[in-house]
Amino acid sequence: MNQLAAPNPPKSRPPRRRRAEKRATSLFANGEPMVWLTGGALAIATVMIAVLLGLVLFEGLPTFWPGPIVEVELADGRRLAGELAAEERFVLEPKALADLPEARRAQAEREIETEGGVRRRMLRTGNYELTGTHFEWANDSDIVGESKPEWMLVVERLDDGRFYGVPRAVTVDGVRTEGDPATVWDLASAQHDEVRERWERGRTLKNETIGAIHARIEGARLRAREIELENGVDSPQAAEARAAADAIATAAESEFREVQAEINKLQERNKGYSVELETASGARRMITLEEIVRAFAPNRLSLTERLGVYVSRASEFLLDAPRQANSEGGVYPAIFGTVLMTLIMALLVVPFGVLAALYLREYARPGPIVSAVRIAINNLAGVPSIVFGVFGLGFFCYIVGAGVDEALFAAKLPTPTYGKGGLLWASLTLALLTLPVVIVPTEEALASVPGSMREGSYACGATKWQTIWRIVLPRAMPGIMTGMILALARGAGEVAPLMLVGAVKFAPDLPLDGAAPFLHPERSFMHLGFHIYDIGFQSQNSEAAKPMVFTTTLLLIALVVLLNVLAIWIRARLRRRFQGNTL
Amino acid sequence: MTEIARKPTLAQYELTPQPRKSASPPSMNGAPSISGRVFQAIAANEPFTAEVHAGLANEEHVLEIERFDLWYGASRALHSITMPVPKGKVTALIGPSGCGKSTLLRSVNRMNDLIDSVRIEGEMRLSGDSIYAPGQDVIELRKRIGMVFQKPNPFPMSIFENVVYSLRIDGERDKRVLAEVCEASLRGASLWDEVKDRLNDSALRLSGGQQQRLCIARAIAAEPEVLLLDEPCSALDPIATARIEDLIDELKGSYSILMVTHNMQQASRTSDFTAFMYLGRLVEYGPTGDIFLQPHLKETEDYISGRFG
């Protein structure tokens, strides 16, 4: 009772902390807008990637689809036939509108009113040697008649692009037959495979047999030149070698004449097979069957036949060499070059980067020098890739390559062997470019190996290297693979440095072939990225090349994805093996 | 008012002697005060002789530690430890956290070499060979000493490869020898029946207790002269702990075991000898029964009975 009555002694509790004036109940503190902000950022990024892929797919996939052929008769009497390539609406100039005859003017005015413009279509008319153009615009307001001619053929040729015409006559083995398109075309088609086979044989003879003969003559000449360099031009050995080279050259010469005669015979025989086509404008032209790669009448094709043409064109794209200054044909050499270069690059950069990362993480004593080296490596990743190209050209091609040429290929000089851009130098340049991409994740992976594992290994009496080799590296392998995946993606897509160190518009020989030593690291090569640039910006027939740009881009993306998926699959396997079931 | 009320508490803490700057045992902060003559002497850094029971002199010793000092940089972690470890017996090291038990254990197989700032003085001998002699090959030395760590640390490889790791690094390739050693070691660690059908599975998929027994199997595969166990059960549940303790009992006799533990019951159940350490010094060392039932020093009794620490 007494306690209740007594006044409470003041308690020595610290005063309550005063709470903030503006309590954090704003929207910002609540976090709701941040969810929208972060989610929105992700959504925009995803949409952009989807749009990119969608555009490439949308533009790239229909390239090989055979569209119908439209024949139009214009008011000025010209007749055009071709595949529809593009379509747009435009507003006619008042003067042009006024010049139109009454009926068509009313129609055009109505269209401008309702649709916003008169339609005009771009037709791929081909027949370049006759018209001097591959494409023509046709305004709807100028068209007086339109049809889909059943027997109008699309002829894809070795030279001069496509030809559009109706078959009128066929020459088989020198015998000319005229008739209706169906008979003529049946006769021609029956001969086509055989003619193409002869042409193929001729091409093989020309490229391989004659190539081998030339290589033999060149080899003998080089040997003689080597002996000359060794013993002096006037020495008896040199004279002897020259005589031997001459003998080989003479022998080869007769062989060469034989092969050439065979080629001539094949060509002569093929000359007897041709087909005469009549264009929309009525002009006639003979086309030998030999130069026809593929020909068909699109307006007669069923869906499956169209699909067949699509597959045939797509497989040509993937498996054949380009023609027509890269705007037609395939990109096989470029696929080959890209994959080979990327693989050689990975082979060079992964071991090198892993070794460097090992030293940096496991052996080097941490200190300012190691930090400086690490910063330098990280900064290397930010150097513009063209700088690496310049370095590759200046160092690998002109210094190292020239040195190699002088030491090993002196006989060939002044023609450079390694002293120019080539597969090896391109791979090395890209290896250098992707080095930081490998080192950084590898170092992180090494650092993330638990110390307890290392200690356990040391306690078993393992040396440092045994510990690294048996414990640290296997455990870090998925991380190293991550570095490799990044390097592959970066390397396969890089173009700028390659222009300087070995990628070319057209390489006649693959860098890997049947002639010893099989891999030719000194050869220039084709690359998909460079190919895209080339057909997109260096092509004369840019309108025809445009779909190819997208298709090739699609292929490059697919290739990079494929390489990545492969690497990711390997990484997942390694992870399961070395890190338990945690993924 | 409030400030005055607070200050005495702060002052109280400040007055508490801080014998070492870095490795002040956290458990000490909560202790009411430091009791006893010996602890005061240690805290004041006065010279002091460990109480070693006479019973130890009759044993054959596999490991002899003599006047062993260790510094981490400038701070001293071990003060003149002299301690013989009997052969074929289990010796437990007990003491509050930070007293240097693990440091002493890791000094035996020179794991402290991995830390740059460590400096030692004194002598350790393994079966008569000086561990810290200038010409001593550390790698060879570690092969004679097995070690099991606080947290199970199986290697990222198969169970089989884990067990035969020490043979692999010696370059043993005979499959028969490897298989024999693997089976014998896994049986020795009483893990064989559980894993014999999946020797090629990743060791990382085993449970924690199995992983620790695998680590013991790995350690005994090299047939070590001494087995060092650094709190082998602290990361395990009671059932796994019981199995490891049974295992230690089974290994007794064939192996000389030096074990760090925080668990008094474990020390009393499994060990033949017990050493009590405090602040880097050996305080009392003798047969486990004597240490637990009739310790010579009051401080030991206090620690064991939980009155301190």
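Each value, and the rule that gives it
Residues numbered from 1 in each chain as written. Chains lettered and ligands numbered in written order. Predicted model: local features only at pLDDT ≥ 70, side-chain atom pairs only at ≥ 80, totals over all residues. Heavy atoms only, no water. Helix = DSSP H or I, 4+ residues; strand = E, 2+ residues; numbered from the N terminus. Buried < 20%, exposed > 50% of the residue type's maximum accessible area, 1.4 Å probe, protein only. Contact = heavy atoms within 4.5 Å. 1 Å grid on protein atoms, 1.4 Å probe; cavity = no way out; pocket = protein on both sides within 12 Å on 5 of 7 lines; lining within 4 Å. Points joined across faces, edges and corners; volume = space filled by probe spheres on them. Nonpolar A, V, L, I, M, F, W, Y, C, P; charged D, E, K, R; others polar. Pairing = 2+ DSSP bridges. Axes fitted to C-alpha atoms, helices over the stretch in contact; angles between N-to-C directions. Core = buried A, V, L, I, M, F, W, Y, C linked by side-chain atoms within 4.5 Å. Expected span 1.5 Å × (residues − 1). Parallel < 35°, antiparallel > 145°, perpendicular 65-115°, else oblique. Left-handed = near helix turned anticlockwise from the far one by under 90°. Buried area = accessible area lost by both parts, 1.4 Å probe. Salt bridge = Lys/Arg side-chain N within 4 Å of Asp/Glu carboxyl O. Polar contact = N/O pair within 3.5 Å; in protein donor to acceptor, adjacent residues only side chain to side chain. Phe/Tyr/Trp six-rings, centres within 6.5 Å; stacked < 30°, edge-to-face > 60°. Lys NZ or Arg CZ within 6 Å of the ring centre and 35° of its normal. pLDDT = per-residue confidence, 0-100.

*Asks:* Sorry if this is basic, but what is going on with the overall build of chain B here?
*Replies:* Across its full length, chain B carries 14 helices and 11 strands. By residue count, 52% of the 309 residues in chain B fall in the buried class. Contacts in chain B between residues at least 24 apart in sequence constitute 70% of all its contacts with a sequence separation of at least 6.

*Asks:* Is there a simple way to explain empty space enclosed by the protein in this structure?
*Replies:* Remark: the empty space left among the atoms is shown by a probe the size of a water molecule rolled over them. Under the definition given, this model contains one cavity of 30 Å³ or more. If you add up the space inside the largest cavity, you get close to 50 Å³. Every residue along the wall of the largest cavity is listed here: Ala459(A), Cys460(A), Arg142(B), Lys143(B), Ile145(B), Gly146(B), Met147(B), Ser166(B), Arg218(B), Ala219(B) and Ala222(B). Contributing elements (two or more residues each) for the lining of the largest cavity: helix H5 (138-143), strand S7 (145-148) and helix H10 (208-221) of chain B. In terms of residue count, the dominant contributor to the lining of the largest cavity is S7(B) (three residues). Partitioning the lining of the largest cavity into residue classes produces six nonpolar, two polar and three charged.

*Asks:* Sorry if this is basic, but what is going on with the pairing of strand S5 (residues 118-126) of chain B here?
*Replies:* Residues in a regular strand project their side chains so that they alternate between the two faces of the sheet. All names here are of chain B. Of the strand pairs in this sheet, strand S2 (residues 61-72) and S5 are connected by eight bridges, and their pairing is antiparallel. Directly across from Trp71, in S5, lies its bridge partner Arg119. In this structure, S5 lies alongside strand S6 (residues 129-130), joined through two bridges in antiparallel fashion. When the bridges of S6 are listed, Leu126 appears paired with Asp129.

*Asks:* Would you mind going over the sheet that holds strand S1 (residues 69-74) of chain A with me for this structure?
*Replies:* The strands that make up a sheet are held in pairs by hydrogen bonds between backbone atoms, and each pair lies either parallel or antiparallel. Residue and element names in this part refer to chain A. If you walk across this open sheet you meet the five strands as S4-S3-S2-S1-S5, and the pairing is antiparallel. In this open sheet, the two strands that pair with only one neighbour each are strand S4 (135-139) and strand S5 (143-147). Averaged over all adjacent pairs, the angle separating strand axes in this sheet is 45°, with direction ignored. For S1 and S5, the ladder comprises four bridges, and the chain directions are antiparallel. Across the sheet, residue Leu74 finds its bridge partner in S5, namely Ile143. Along the sheet, helix H5 (residues 102-115) contacts strand S2 (79-90), strand S3 (118-124) and S5; its crossing angle with S3, the most-contacted strand, is approximately 100°.

*Asks:* Whenever I open this one, the nonpolar core confuses me. Can you help?
*Replies:* For soluble globular proteins, nonpolar side chains are generally found buried alongside one another. All names here are of chain A. Ranked by internal contacts, the top residues of the largest apolar core, which has 42 residues, are Met341, Val349, Leu446, Leu473, Leu498 and Phe525. For this core, the secondary-structure elements that each account for two or more residues are helix H10 (332-363), helix H11 (368-380), helix H12 (385-408), helix H13 (423-447), helix H15 (464-493) and helix H16 (496-501). Apart from residues no more than four positions distant in its own chain, Leu446 is found in contact with Ala357, Leu358, Arg361, Glu362, Arg454, Val472, Leu473 and Ala476.

*Asks:* Please explain the sheet that holds S6(B) as it appears in this structure.
*Replies:* Residue and element names in this part refer to chain B. Across the sheet, which stays open at both edges, the four strands sit in the order S3-S2-S5-S6 with antiparallel pairing between neighbours. Where the open sheet ends on each side, the last strands, each with one partner, are strand S3 (75-86) and S6. Relative to S2, helix H4 (residues 101-108) is tilted by about 115°, and along the sheet it contacts S2, S3 and S5.

*Asks:* Hey, could you run me through helix H8 (residues 236-271) of chain A in this one?
*Replies:* Side chains that are three or four residues apart share a direction in an α-helix, a result of its 3.6 residues per turn. Between its first and last C-alpha atoms H8(A) spans 51 Å; for 36 residues at 1.5 Å apiece the expected length is 52 Å, and the two agree. Looking only at H8(A), the buried set comprises Ala238(A), Ala241(A), Ala245(A), Ala252(A), Val259(A), Ile263(A), Leu266(A) and Asn270(A).

*Asks:* What's the story with the pairing of S3(A) in this structure? I'm lost.
*Replies:* Residue and element names in this part refer to chain A. With five of seven residues buried, S3 lies mostly within the body of the structure. Sheet topology note: the S2/S3 ladder contains seven bridges and is antiparallel. Bridging across to S3, Glu88 finds its partner in Arg120. Sheet analysis places S3 next to S4, joined by five bridges and oriented antiparallel. Across the sheet, Met122 pairs through a bridge with Trp137, a residue of S4.

*Asks:* So what exactly am I meant to see when it comes to the side chain of Thr434(A) here?
*Replies:* Its place among the elements puts Thr434(A) in helix H13. If near-sequence neighbours (up to four positions away) are discounted, Thr434(A) is found in contact with Met345(A), Val349(A), Ala487(A), Arg490(A) and Gly491(A).

*Asks:* Before we go on, may I ask you to explain the packing of H12(A) against H13(A) in this structure?
*Replies:* If you want to describe how two helices pack, look at the angle between their axes and the distance between the axes. Residue and element names in this part refer to chain A. Remark: H12 packs on H13, axes separated minimally by 9 Å, with the N-to-C direction vectors making an angle of 135°. In terms of orientation, H12 and H13 fall into the oblique class. Relative to H13, the crossing made by H12 is right-handed. Together, Ser385, Phe388, Gly389, Phe391, Gly392, Phe396, Cys397, Val400 and Gly401 of H12 and Trp425, Leu428, Thr429, Leu432 and Leu433 of H13 make up the contact between the two elements.

*Asks:* Is there a simple way to think about the interface of chain A and chain B in this case?
*Replies:* For an interface, size is often stated in terms of accessible area lost upon the parts coming together. Of the residues lining the interface, 26 residues belong to chain A; the matching set on chain B comes to 28 residues. Counting the surface lost from both chain A and chain B, the interface buries some 2300 Å², and carbon and sulfur atoms represent 63% of this. Viewed at the interface, chain B and chain A are joined by two salt bridges. Here chain A is connected to chain B by five residue pairs in polar contact (both at pLDDT 80 or more). At the level of secondary structure, the elements contributing two or more residues to the side of chain A that touches chain B comprise helix H14 (451-459), H15 and helix H18 (542-578) of chain A. Considering each element in turn, the side of chain A that touches chain B owes the most residues, seven residues, to H14(A).

*Asks:* Just to check I follow, could you spell out the packing of aromatic side chains for this structure?
*Replies:* In this description, a pair of aromatic rings is defined by centroid distance and the angle of the planes. On inspection of all chains with the given rule, the structure shows 16 aromatic pairs over all chains. Taking 5.9 Å as the distance between ring centres and 25° as the angle between the ring planes, the aromatic pair formed by Trp465(A) and Trp469(A) counts as stacked. Note that Trp465(A) and Trp469(A) are positioned in helix H15 at a spacing of four residues, about one turn of the helix. Given the relative accessible area of 42%, Trp465(A) is considered partly exposed. On the basis of relative accessible area, Trp469(A) is assigned to the exposed category, the value being 53%. Directly above the ring of Trp199(A) sits Arg196(A), whose terminal nitrogen or CZ lies 4.3 Å from the centroid. Over the aromatic face of Phe155(B) sits the side chain of Arg218(B), whose NZ or CZ is 3.9 Å from the ring centroid.

*Asks:* Where do I start with the confidence of the model for chain A in this structure?
*Replies:* Regions with low pLDDT carry predicted coordinates that are not meant to be interpreted in detail. Residue and element names in this part refer to chain A. Considering every residue of chain A, the mean pLDDT works out to 84; 94% of them sit at 70 or more. Taken element by element, the predicted model of chain A shows its lowest mean pLDDT in helix H1 (residues 2-5) (48) and its highest in helix H3 (residues 32-60) (92). Counted against residues more than four places away or in other chains, residues 1-6, with its pLDDT under 50, gives zero contacts.

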